[in-house]
Amino acid sequence: MDLETGVYQNHVKKESWKRVLILAYQSLGVVYGDLSTSPLYVYKSAFAEDIQHSESNEEIYGVLSFVFWTLTLIPLLKYVFIVLKADDNGEGGTFALYSLLCRHARVNSLPNCQLADEELSEYKKDAITNPTPSSFGSRLKSTLEKHRVLQKFLLVLALIGTCMVIGDGILTPAISVFSAVSGLGLSMSKEHHKCVEVPVACLILIGLFALQHFGTHRVGFLFAPIVITWLFCISTIGLYNIIHWNPHVYQALSPYYMFKFLKKTQRGGWMSLGGILLCITGSEAMFADLGHFSQLSIKIAFTFVVYPSLILAYMGQAAYLSQHHVLPSDYRIGFYVSVPEKLRWPVLGIAILAAVVGSQAIITGTFSIIKQCQALGCFPRVKIVHTSSKMHGQIYIPEINWILMCLCLAVTVGFRDTKRMGNASGLAVITVMLVTTCLMSLVIVLCWHRSVFLAIAFVFFFGTIEALYFSASLIKFLEGAWVPIALAFIFSTIMYIWHYGTLKKYEFDVQNKVSINWLLSLGPSFGIVRVRGIGLIHTELVSGIPAMFSHFVANLPAFHQVLVFLCIKSVPVPHVKPEERFLVGHIGPKEYRLYRCIVRYGYRDFHKDDMEFEKDLVCSIAEFIRAESAKINGIKDDFEKENEKMTVVGSPSTHTDGIQMCEDNMADVDLPGTSELKEIRSPVIQPRKRVRFVLPESPKIEDSARGELQDLSDAREAGIAYILGHAHMRAKQGSNLLKKLVINVGYDFLRRNCRAPSYPLSVPHASTLEVGMIYHV
């Protein structure tokens, strides 16, 4: 399964209107499922306890006015017209903003950055004139680069936003499905409803999470029609209620009714904002799911379909409630009471399907952001399954899926009402938006190079609105709002401990790496026997010799004839193009047959399986040898670091006119068209697997390079051995108690219980050599 070839087409090819409209149609099912189901619970949450629906209608008109202006200012103005422009090469979300800032201000949390990474095509900074040294942006940039405390604060801010997104992935399915199922209460007694509501909601949630491993793409074609049907349903019912019950309800859209509402209700009205806030839950998905669509398609879908439908739905509910002050049943302020009685059962079915679609979107988004965190070294390693070979980004994480399911069921069974679920969900939603506002203000100054006054105006305007909602949500800490805070604290602690431990481990490797002079003093044979085969030594270092290599040389009587120091690293860009994937170079003189290969992935890239990766790796080294010998054009400039010269080499699919590697088990096979090519074959009797490098006729390469390719071919036929260092970290003597707890207990527990690195998973045990080392950090 190779996803590399199609990843970049959307960014290169100019989109036609037909494609934009198709993407807009698809985005309705993926992006807007959560936002479109908010009418199910907004009014019910707003009128839960804090305010009462009176004969004067000032409360219902005030709530409608708040809903209208909140939807207009936050999703429409802030996200659609401003935040969507801050994409990271087409990707969006909290970590995309953080990644964007990392590249512009050098505040990257990844320790193994290189100068060569800045030459990646997706790393290039915007084509805007850099701010002058005297500008505020330049001073802010230098301040961030100098002070580690500010860099850590920026990382913690991004982690808090990420953890709240994970919390939203737990709370949104619970409140969406529970609210949809609550419609059963209008057709049965209160006692029966209490017995049915929670079990039915739990069964739907279990089914939703159990089907995740099939992947969204298998049922994704149904998502857009379901959401479109739901939006058509609520907008039509809303329009009917406006015409039939109160055609003058549009007057409540005036901001004056917000003032009247707060003046009359005072503290109760302020506290009810925590329920009104739920009208924008799911707005962050427009930015987070940007990578699957385009800015224009998301703007069109929201502006012309979702936004008008939601406004009509809320106006329709308000029109109905303005004429019904004493309603039968306990569910007097809710969505279903405004639905005509003959339509309630069909609407209930559509609502449940729409709630499932909305929940699916936020679950998929949670998987995606955890993958980004793991790629940037901020989350313990978990198993990532790609469920689609065609749609990039469709992933499934088994461990996270079952954790989300258990927590979601616990919230549903524990709360059993939309009021407390709404309080919890509202706080998670508004916290993510506050984090986005803070990061966006830095993007405006550092990345867009705009005036600092524009950034201050952005923070002041949107930050004030969001802070008002945040305070109203936080005041309900004991009434459910403690849940996202507790979840964020747990997840952020896990993520920060993992990041801190990973950083300390890399610093130890850098401080204890072996000098190149020590290697040169050993000679080409390292003072030991060199046997056939390729030894892949996995290391996190991008330069220098890891300490474990000297440990191997001192304790092993023999070593492989070709040694490759392999570093698989993530860079703070969404994707690395295949032609820029590998950085290859010699370590020491050529006769040592010692190479360094750095494989670079973006935080949304797909990692190939091991067998295909091995072939690409060997092929890239062979192409590097040819390029070094022939000095052909088209190879990018070299990058020097500590006497190592690294060359950018693409994956084999990107240099079809270069070296190609063929593997077969036959004694003698001629490739078609080999009369125009020259072959280097291994003169091995009855080889396990014949390996041939097919060279182009031109340009000519030196005899020394042919010998080097011959050795590489022989070594590949003999097989590849994976040499892994297994680090056991311990806090060094004299460390404080907190550091001992973090390293000796926290990080050690996470390391023991997380997945092993992905690359050696399918390697036979006979091909793996693992040596444990104790790191005192």
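Residues numbered from 1 in each chain as written. Predicted model: local features only at pLDDT ≥ 70, side-chain atom pairs only at ≥ 80, totals over all residues. Heavy atoms only, no water.

What to know about the overall build of the chain
Part 1 of the argument: For the chain, the count of helices and strands is 24 helices and 13 strands.
Part 2 of the argument: Residue burial in the chain is summarised as follows: out of 777 residues, 58% are buried.
Part 3 of the argument: Contacts in the chain between residues at least 24 apart in sequence constitute 82% of all its contacts with a sequence separation of at least 6.
Part 4 of the argument: With an accessible surface of roughly 32200 Å², the chain has 62% of that area assigned to carbon and sulfur atoms. (Helix = DSSP H or I, 4+ residues; strand = E, 2+ residues; numbered from the N terminus. Buried < 20%, exposed > 50% of the residue type's maximum accessible area, 1.4 Å probe, protein only. Contact = heavy atoms within 4.5 Å. Areas by Shrake-Rupley, 256 points an atom, 1.4 Å probe, with all protein chains shown as cover.)

Focus: the pattern of salt bridges
Part 1 of the argument: Here the structure, examined in full by the defined rule, presents 13 salt bridges.
Part 2 of the argument: Close ionic contact of Glu466 with Lys78 constitutes a salt bridge, the shortest N to O distance being 2.6 Å. Note that Glu466 is positioned in helix α18 (residues 452-474) and Lys78 in helix α5 (residues 58-81), a separation of 388 residues in sequence. Like Glu466, the residue Lys78 is buried in the burial classification.
Part 3 of the argument: Salt bridges linked by common partners bring Arg730, Asp748, Arg751 and Arg752 together as one network. (Salt bridge = Lys/Arg side-chain N within 4 Å of Asp/Glu carboxyl O.)

Some points on the packing of aromatic side chains
Part 1 of the argument: Throughout the structure, instances matching the rule amount to 16 aromatic pairs.
Part 2 of the argument: Ring centres 5.1 Å apart and planes at 80 degrees place the aromatic pair Phe68 and Trp69 in the edge-to-face group.
Part 3 of the argument: By way of ring pairs, the aromatic residues Tyr32, Phe302 and Tyr307 are connected into one cluster. (Phe/Tyr/Trp six-rings, centres within 6.5 Å; stacked < 30°, edge-to-face > 60°.)

Let's talk about the nonpolar core
Part 1 of the argument: With 166 residues, the main nonpolar core has Tyr32, Val63, Leu64, Leu71, Phe302 and Tyr314 as its most contacted residues.
Part 2 of the argument: Top element by residues in this core is helix α8 (residues 148-181). It accounts for 17 residues.
Part 3 of the argument: If sequence neighbours within four positions are ignored, Tyr314 has contacts with Ser38, Pro39, Val42, Tyr43, Leu64, Val67, Leu71 and Cys279.
Part 4 of the argument: In terms of nonpolar packing, the next biggest core, distinct from the first, is built from 31 residues, Met548, Val553, Phe559 and Val777 among them. (Core = buried A, V, L, I, M, F, W, Y, C linked by side-chain atoms within 4.5 Å.)

Describing the environment of Trp69
Part 1 of the argument: Within the fold, Trp69 resides in helix α5.
Part 2 of the argument: For Trp69 and Leu253, which are 184 residues apart along the polypeptide, the C-alpha to C-alpha distance reads 7.8 Å.
Part 3 of the argument: Those residues in contact with Trp69 that sit more than four places away from it in its chain are Leu253, Ser254, Pro255 and Met258.

Quick look at the confidence of the model for the chain
Part 1 of the argument: Here the chain averages 80 in pLDDT, and 81% of its residues register 70 or above.
Part 2 of the argument: Confidence drops under a pLDDT of 50 for residues 1-13, and excluding neighbours within four residues, the segment shows 28 contacts in the predicted structure. (pLDDT = per-residue confidence, 0-100.)

Quick word on helix α2 (residues 17-30)
Part 1 of the argument: Here α2 is 14 residues long and its end C-alpha atoms lie 20 Å apart, about the 20 Å a rise of 1.5 Å per residue gives.
Part 2 of the argument: Burial in α2 covers these residues: Val20, Leu23, Ala24, Ser27, Leu28 and Gly29. (Expected span 1.5 Å × (residues − 1).)

Side note on the packing of α8 against helix α15 (residues 344-375)
Part 1 of the argument: Between α8 and α15, the least distance of the axes is 9 Å, while the angle of their chain directions is 170 degrees. Here α15 runs roughly antiparallel to α8, going by the angle between their axes. Each of Thr162, Val165, Ile166, Asp168, Gly169, Thr172, Pro173, Ser176, Val177, Ala180 and Val181 in α8 lies in contact with α15, whose residues at this interface are Leu348, Ala351, Ile352, Ala355, Ser359, Ile362, Ile363, Thr366, Ile369, Ile370 and Cys373.
Part 2 of the argument: Per-class residue counts for the contact of α8 with α15 are 15 nonpolar, 6 polar and 1 charged. (Axes fitted to C-alpha atoms, helices over the stretch in contact; angles between N-to-C directions. Parallel < 35°, antiparallel > 145°, perpendicular 65-115°, else oblique. Nonpolar A, V, L, I, M, F, W, Y, C, P; charged D, E, K, R; others polar.)

Re the environment of Ala481
Part 1 of the argument: With respect to the helices and strands, Ala481 occurs in the loop between α18 and α19 (482-511).
Part 2 of the argument: Judged by its relative accessible area of 0%, Ala481 is buried.
Part 3 of the argument: Put simply, Ala481 and Leu427 are 54 residues apart on the chain and 6.3 Å apart in space, counted from C-alpha to C-alpha.

Concerning helix α16 (residues 398-415)
Part 1 of the argument: In this model α16 runs 26 Å from its N-terminal to its C-terminal C-alpha over 18 residues, within 8% of the 26 Å that 1.5 Å per residue would give.
Part 2 of the argument: When we look at burial in α16, the residues that qualify are Pro398, Ile400, Asn401, Leu404, Met405, Cys408, Leu409, Val411, Thr412 and Phe415. For α16, the arc enclosing every buried residue in end-on projection is 160 degrees, short of the 170-degree limit, so these residues lie on one face.
Part 3 of the argument: Backbone geometry just after α16 places Arg416 at a positive phi near 60 degrees. (Arc of directions from axis to C-beta.)

Regarding the packing of α19 against helix α24 (residues 737-753)
Part 1 of the argument: Remark: α19 packs on α24, axes separated minimally by 9 Å, with the N-to-C direction vectors making an angle of 100 degrees. Taken together, the axes of α19 and α24 lie roughly perpendicular to each other. Contacts from Ile494, Ile497, Trp498, Tyr500, Gly501, Thr502 and Lys505 in α19 reach Lys739, Val742, Ile743, Gly746, Tyr747, Leu750 and Arg751 in α24.
Part 2 of the argument: Taken together, the residues of the contact of α19 with α24 break down into 8 nonpolar, 3 polar and 3 charged.

Remarks on the pairing of strand β4 (residues 558-570)
Part 1 of the argument: The element β4 is largely enclosed, with a buried count of 11 among its 13 residues.
Part 2 of the argument: Pairing between strand β3 (residues 529-538) and β4: 8 bridges, direction parallel. Bridging from a neighbouring strand, Gly535 pairs with Leu563 of β4.
Part 3 of the argument: One ladder, built from 8 bridges, connects β4 with strand β6 (residues 594-601); its direction is parallel. (Pairing = 2+ DSSP bridges.)

A word on the pairing of strand β12 (residues 720-730)
Part 1 of the argument: Across 4 bridges, β3 lies against β12 in parallel orientation. In the sheet register, Gly535 faces β12, and the bridge partner there is Ala721.
Part 2 of the argument: Pairing of β12 with strand β13 (residues 768-776), which is carried by 9 bridges, proceeds in the parallel orientation. Considered in β13, the bridge of Ala727 is made with Met773.

Notes on unusual backbone geometry
Part 1 of the argument: Here Gln266, not a glycine, exhibits a phi torsion of approximately 55 degrees, which is positive.
Part 2 of the argument: Given the relative accessible area of 56%, Gln266 is considered exposed.
Part 3 of the argument: Here Arg593, not a glycine, exhibits a phi torsion of approximately 55 degrees, which is positive.
Part 4 of the argument: With respect to the helices and strands, the residue Arg593 is situated in the loop between β5 (582-586) and β6.

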